[in-house]
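Spelled out, the chains give:
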Amino acid sequence: MSKIAIIIGSLREGSYNRRLAEALTRLPAAQGHDFTFAQIGALPLYNQDDDDDQAEPVMALKALVSGSDGVLFVTPEYNRSIPGVLKNALDHASRPYGQSAWAGKPAGITGVSIGAIGTALAQQHLRNILAYLDMPTLGAPEAFLQWKDGLLNDDGTVGAQSSEFLNGWMQAFLDYVDLHSV
Ligand code: FNR
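Residues numbered from 1 in each chain as written. Predicted model: local features only at pLDDT ≥ 70, side-chain atom pairs only at ≥ 80, totals over all residues.

The protein has the name Chromate reductase in an unreviewed UniProt entry, where Novosphingobium panipatense is given as its organism.

Chemist: I keep staring at the overall build of the protein and nothing clicks. Help me out?
Modeler: Across its full length, the protein holds five helices and five strands. Each helix and strand of the protein, placed in order from N terminus to C terminus, yields the pattern β-α-β-α-β-α-β-α-β-α. Whereas a compact globule of 182 residues would reach a radius of gyration of roughly 16 Å, the protein reaches 16 Å, a difference of no more than 12%. Taking the principal axes of the C-alpha coordinates as reference, the protein spans close to 50 × 35 × 25 Å. Counting only residues that meet the buried cut, the protein has 37% of its 182 residues in that class. Partitioning the intrachain contacts of the protein with sequence separation of at least 6 by distance along the chain shows that 80% fall at a separation of at least 24. (Helix = DSSP H or I, 4+ residues; strand = E, 2+ residues; numbered from the N terminus. Rg over C-alpha atoms; globule rule 2.2 N^0.38 Å. Buried ≥ 20, exposed ≤ 12 C-beta atoms within 10 Å, placed from the backbone. Contact = placed C-beta atoms within 7 Å.)

Chemist: In this structure, what is going on with helix α4 (residues 120-132)? I would like to understand it.
Modeler: The periodicity of an α-helix, 3.6 residues per turn, causes residues three or four places apart in sequence to face the same way. Its 13 residues give α4 an end-to-end C-alpha distance of 19 Å, which sits within 8% of 18 Å, the value for a rise of 1.5 Å per residue. Every buried residue of α4 is listed here: A122, Q123, L126 and L130. Mapping the buried residues of α4 onto a view down its axis gives an arc of 95 degrees, with all of them on the same face. Looking at α4, the residues exposed on the side facing more than 90 degrees away from the buried face are N128, A131 and Y132. (Expected span 1.5 Å × (residues − 1). Arc of directions from axis to C-beta.)

Chemist: Please explain the pairing of strand β1 (residues 3-8) as it appears in this structure.
Modeler: Successive residues of a regular strand alternate their side chains across the two faces of the sheet. Of all six residues in β1, five are buried, a share of seventy percent or more. Handedness of the β1-helix α1 (residues 16-24)-strand β2 (residues 34-37) crossover: right-handed. Bridge count for β1 against strand β3 (residues 70-74) is five bridges, and the pairing is parallel. Looking across to β3, one finds that A5 is bridged to V71. (Right-handed = clockwise from strand over helix to strand, strands pointing away. Pairing = 2+ DSSP bridges.)

Chemist: In this structure, what is going on with the site of the ligand? I would like to understand it.
Modeler: As a matter of local geometry, the ligand sits amid 13 residues, with S10, N17, P76, S113 and G115 nearest to it. Residues belonging to the shell around the ligand are distributed by class as follows: four nonpolar, six polar and three charged. (Near = placed C-beta within 6 Å. Nonpolar A, V, L, I, M, F, W, Y, C, P; charged D, E, K, R; others polar.)

Chemist: Is there a simple way to explain the sheet that holds strand β4 (residues 107-113) in this structure?
Modeler: Through backbone hydrogen bonds, the strands of a sheet pair up, either in parallel or in antiparallel fashion. Reading across from one edge, β2-β1-β3-β4-β5 is the order of the five strands in this open sheet, with parallel pairing throughout. The open sheet is flanked by β2 and β5 (144-146), the only strands paired with a single partner. Within this sheet the neighbouring strands show an average axis-to-axis angle of 20 degrees, counted without direction. When β4 meets β5, the two strands line up parallel, connected through three bridges. (Axes fitted to C-alpha atoms, helices over the stretch in contact; angles between N-to-C directions.)

Chemist: Just to check I follow, could you spell out unusual backbone geometry for this structure?
Modeler: Outside of glycine, negative phi angles account for most residues, and trans bonds account for most peptide bonds. Cis geometry is found at the peptide bond from R95 to P96, where omega equals -5 degrees. Secondary-structure assignment places P96 in the loop between α3 (84-92) and β4. Omega for the peptide link from A140 to P141 comes to 0 degrees, which places this bond in the cis form. Along the chain, the position of P141 falls in the loop between α4 and β5. In the Ramachandran plot, R80 falls in the positive-phi region, its phi being about 65 degrees despite a non-glycine side chain. Residue classification places R80 among the partly exposed positions, given that 13 C-beta atoms sit within 10 Å. You will see that D134, though not glycine, has its phi angle at about 65 degrees, which is positive. Positionally, D134 belongs in the loop between α4 and β5.

Chemist: I'm lost on the UniProt feature "domain: NADPH-dependent FMN reductase-like" (unreviewed entry) in the protein in this one. Help?
Modeler: Per the UniProt record, the feature "domain: NADPH-dependent FMN reductase-like" (unreviewed entry) sits at residues 3-143. From the first C-alpha to the last, residues 3-143 spans 21 Å; its make-up is 30% helix and 16% strand. (UniProt positions renumbered as here; feature names shortened; annotations may be inferred.)

Chemist: How should the confidence of the model for the protein be read in this particular structure?
Modeler: Close reading of the predicted structure is inappropriate where its pLDDT is low. With 100% of its residues at a pLDDT of 70 or more, the protein has an overall mean of 97. Across the assembled chains, the prediction reports ipTM 0.99 with pTM 0.98. (pLDDT = per-residue confidence, 0-100.)

Right under this line is the structure:
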């Protein structure tokens, strides 16, 4: 059983990415694992002056990540990159220098957008950041998803057309965490 922290790159009520992440935790491959959603909406804007006195939501994020075996990022694409709220969270938990919560934690990346390229550029930018944060990141399979009717069922599970693919992706991510967690 793995403990997985889930970071959603959207604060929007009704976020497709949050709904996708919740559906991923309901897939057969996810059963028996322990998923916790990070609360990044309460984080202040990152300010290096605060590194010696990090706010409570920052400490909570760092504790969640530190206590997890792996991290699952589910994010939309904003203007061909990752949303600022996600970068803010990544920056917060990477500090103070030498006390990053991310280092060594295996990661998986997916996301859904209304655009046809399904967050591909956001995911690529995120890979760049995670490499610098020393997070081994599942390279393949990749999962680029476009939001459309039927992706999720009304009960919040993954729709029939995508369930085999996403279950395989989830299994690959959890196997990767198992191999790389320290
Ligand atoms: C977007 N959207 C978007 N979509 C995309 O495929 N590529 C992009 O570069 C962008 N850029 C972008 C910028 C901003 C500021 C917003 C608000 C939106 C559309 C995006 O896919 C859509 O709003 C999703 O619904 C966002 O995900 P959540 O909030 O539903 O999880």
